[in-house]
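Residue-level listing of the chains:
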Amino acid sequence: VGSKSTDGAQPPIIRPENFPSNRMTIWLLDEMEEAFIGSRNQGVELMGILMEILDTGIYINRWQEKVDFSRTVIIFTSNIGSEKIMQSAKEPDIGIRQGGRTLKKRRLSEEEIEKINDKIYETTKTKYEKTFKPQFRNRIARLIVFRFLNDSDYRKIIDKVFREEMGTWAAKQNIKVEMGDSAV
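The following refers to the structure shown. (Residues numbered from 1 in each chain as written. Predicted model: local features only at pLDDT ≥ 70, side-chain atom pairs only at ≥ 80, totals over all residues. Heavy atoms only, no water.)

We now examine the nonpolar core. I14, W27, M32, L50, I53, F69 and F136 are the most contacted members of the largest nonpolar core, which totals 19 residues. Sorting the residues of this core by element identifies β1 (25-29) and α2 (44-56) as the ones contributing at least two each. The element contributing the most residues to this core is α2, with six residues. Those residues in contact with W27 that lie beyond four places of it in its chain are I14, F19, L50, I53, F69, T72, V73, I74 and I75. I85, L108, I120 and V145 belong to the second largest nonpolar core, which has six residues in total. (Core = buried A, V, L, I, M, F, W, Y, C linked by side-chain atoms within 4.5 Å. Buried < 20%, exposed > 50% of the residue type's maximum accessible area, 1.4 Å probe, protein only. Helix = DSSP H or I, 4+ residues; strand = E, 2+ residues; numbered from the N terminus. Contact = heavy atoms within 4.5 Å.)

Attention now goes to a nonpolar patch on the surface. Together, M24, I26, L28, V73 and I75 make up a nonpolar patch on the protein surface, roughly 470 Å² of accessible area in all. Breaking the nonpolar patch down by element, the ones donating at least two residues are β1 and β4 (72-76). Examined against the element boundaries, I75 turns out to sit in strand β4. (Patch = residues over 30% accessible without salt bridge, like charges linked within 9 Å, V, L, I, M, F, W, Y side chains within 5 Å. Areas by Shrake-Rupley, 256 points an atom, 1.4 Å probe, with all protein chains shown as cover. Salt bridge = Lys/Arg side-chain N within 4 Å of Asp/Glu carboxyl O.)

End to end, helix α6 (residues 151-172) covers 30 Å across 22 residues, agreeing with the expected 32 Å (1.5 Å per residue, within 8%). At M166, α6 is bent by approximately 30 degrees, the largest bend along its length. For α6, the capping residue at the N-terminal end is N150, with a side-chain oxygen 3.0 Å from the backbone nitrogen of S152. (Expected span 1.5 Å × (residues − 1). Bend = angle between axes of the 7 residues up to and from the residue. Polar contact = N/O pair within 3.5 Å; in protein donor to acceptor, adjacent residues only side chain to side chain.)

So, in C-alpha cells, the structure goes:
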C-alpha cells in the first residue's frame, strides 16, 4: 500500500483524493501474494485493511480520513502456482518457448489445450486456497486464471483486429477490404 519515507512514516496512499466517491476507480494490487509472504508480519496489517475495505467499502486511515471505496473495483494479481505451471510446461506436449527454444514440435488439438487449461486452473486454485485464508477468499468475487489460447480464440482476435480495426482504417482511406474465413 506504500513504501516508507526517509523518516520511517508510511505515506498516506489510501487518501480520499485517490479514491473519489464521484467517479469509478480501479485499484490494482499487483502480485498480491508478495505482500503476504514477503512481509515481516505475513501481511496481517494489509489483510486487516483489505478486509475492512471489502466488508464495509470504507476505510479510515491513520490520519482519520474516511476513504470511500463504494465506486472502486479492486483487482488483485498474483503469480501463485506459476512455478508449477512452468514446470509442467517443460513436458513435451505443452508447447511453451523457454530460453529461446521450443518445448514442443507439434500443434496441440483444441482438446489438449483445454486439458492443459483445466490443469492450470486447478493448480492455481489449489495454490490460491493454500496461500490466502478463507475469510479473505470468501470476499473475492471471482478468480480469473489466464490460459493458453486455442484456434477459436486466435480467430476471434484476428477477426476483431482485422475486420474492425483494419476495416475502420480502410474505410477512412476509401478502400474496401475483405477477408474470408479461410484466411484466418
